[in-house]
Amino acid sequence: MHSLHEDLGVPPAVNASGKMTALGGSVLDERVISAMGEAARQHVVMDDLLVAVGREIARATGAEDGCPTTGAASGIAIAVASVIAGTDLSRIEALPDAGDAPREVVLPFGHSVHFGAPIRQMVALGGGRAVEVGSASKVTVAHLEGAIGPDTAALLYVKSHHAVQKGMVSLAETVETGRRHGIPVIVDAAAEEDLRHWPATGADLVVYSGGKAVGGPTSGMICGSAARMAACRAQYGGIARPMKVGKETLFGLVQALRDYGSDRAEASGGQRARMEKLAARLAVLPGITTRVVGDEAGRAIHRTELTVDPAAAGRDAAGLAAELAAVGVHVRDHHAVTGRLMIDPRPLRADEEELLVERLTALFEGAHR
């Protein structure tokens, strides 16, 4: 019997890039798959399920309440909509037209990221207008203060490897500025691993992906106070309607949250040792220099970095990444323009790691085995 992968002509990918949306997020644990199957076999009152899943999100994050979403991107749109329209049904149904409500969402210029789509667009879907302050490498409290006015609806802070990591105003400063002006702070912590840290900073709404660090199905969640989460859920009667979450996804997210977090520190230590061994194996390839590096955004992740010397390797880093993709192996190419590629251990099974070494070696030998 042919698999659907074969029938569709879309073979499974070897993912050495990370828990990336472009590669399907996470491979699900059997317990998560089982929970999704349980949901698929029954009907349920969806409004009740949204509230129940919100309690599970609260338990996992330490916040008062939660609201599930289809992903972190929709979470940003819903969070923005909630601070603009609240639970006012007329305003909810008018969005993304904010009418006379404050709609400006102020964010550091270095946080105006593109993660597959621009974050400014997610703000606009929620009825907001992104106001970028400062410069790409320098944003201060004074920049935030100067942008705040009567039309300011929220401050947005992005914690991501996509964002500029130096010269930015801190989250603590952002929260303090929001408190001083009575303006809510939204944090995009999509791929962050410590689910309890970000709500504890005093941010009003924190947005996570459920399909990345958590290891759930393609999904997301917002957490915060009960009143703010009620406003988030209310957006399912408006702009969030085309972003609605299925019961199978909700059950899978709950199971992933219940299973998450107990062995993250151990996994990080194991990653480093594993990547050091891989670095040593790949260092023999011509034109390839290897080392193990930590995550640029400070998460407990260790990756093998390959620096490609085009003269000795016969291709530059971008070219090597493209050759690997052509044989079904996808590496992290965020820094290819600087000659560097990364191998992320988190989504990579042991047999897939061997396949990566085999196919990478074959490329340098001039033929794919």
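Structure: see above.
Report on the accompanying structure. (Residues numbered from 1 in each chain as written. Predicted model: local features only at pLDDT ≥ 70, side-chain atom pairs only at ≥ 80, totals over all residues. Heavy atoms only, no water.)

Bringing a nonpolar patch on the surface into the picture now. Together, Leu4, Leu8 and Val10 make up an exposed nonpolar region whose accessible area comes to about 340 Å². On the accessibility criterion, Leu8 (64% relative accessible area) is exposed. (Patch = residues over 30% accessible without salt bridge, like charges linked within 9 Å, V, L, I, M, F, W, Y side chains within 5 Å. Areas by Shrake-Rupley, 256 points an atom, 1.4 Å probe, with all protein chains shown as cover. Salt bridge = Lys/Arg side-chain N within 4 Å of Asp/Glu carboxyl O. Buried < 20%, exposed > 50% of the residue type's maximum accessible area, 1.4 Å probe, protein only.)

Geometrically, the link from Leu95 to Pro96 is a cis peptide bond, its omega value of 10° lying close to zero. Mapped onto the elements of the fold, Pro96 is located in the loop between helix H5 (89–94) and strand E3 (104–108). (Helix = DSSP H or I, 4+ residues; strand = E, 2+ residues; numbered from the N terminus.)

What follows covers the packing of helix H3 (residues 46–61) against helix H10 (residues 247–259). Relative orientation of the contacting elements H3 and H10 amounts to 20°, with a least axis distance of 10 Å. Considering the angle they form, H3 stands roughly parallel to H10. Between H3 and H10 the crossing geometry is left-handed. Listed contacts from H10 to Met46, Leu49, Leu50, Val53, Glu56, Ile57 and Ala60 of H3 are Lys247, Leu250, Phe251, Val254, Leu257 and Arg258. (Axes fitted to C-alpha atoms, helices over the stretch in contact; angles between N-to-C directions. Parallel < 35°, antiparallel > 145°, perpendicular 65-115°, else oblique. Left-handed = near helix turned anticlockwise from the far one by under 90°. Contact = heavy atoms within 4.5 Å.)

The next point concerns the pattern of salt bridges. Side chains bearing opposite charge may pair, as long as their charged atoms lie close to each other. Summed over the entire model, instances satisfying the criterion amount to 25 salt bridges. Note that Arg120 is salt-bridged to Glu132, the shortest N-O span being 3.7 Å. Pair noted here: Arg120 is in helix H6 (residues 119–125) and Glu132 is in strand E4 (residues 129–133), with a separation of 12 residues, a long-range link. Salt-bridge contacts for Arg299 lead to Asp295; the nearest nitrogen and oxygen are separated by 3.0 Å. The same class applies to Arg299 and to Asp295, which are both buried.

Mapped onto the elements, Asp344 comes out in the loop between strand E12 (340–343) and helix H14 (350–365). Overall, Asp344 belongs to the buried group, its relative accessible area being 0%. Setting aside its immediate chain neighbours within four residues, Asp344 contacts Ala16, Ser17, Gly18, Ile301, Arg303 and Arg332.

The next subject is the sheet that holds strand E7 (residues 205–209). The sheet built from 7 strands is open, its strands ordered E2-E8-E7-E6-E5-E3-E4 with mixed pairing. At either margin of the open sheet sits one strand with a lone partner, and together these are strand E2 (65–69) and E4. Across the sheet, the mean angle separating the axes of adjacent strands is 25° when strand polarity is ignored. With 5 bridges joining them, E3 and E4 adopt parallel strand pairing. Opposite Glu104, over in E4, you have Arg129 as the bridge partner. (Pairing = 2+ DSSP bridges.)

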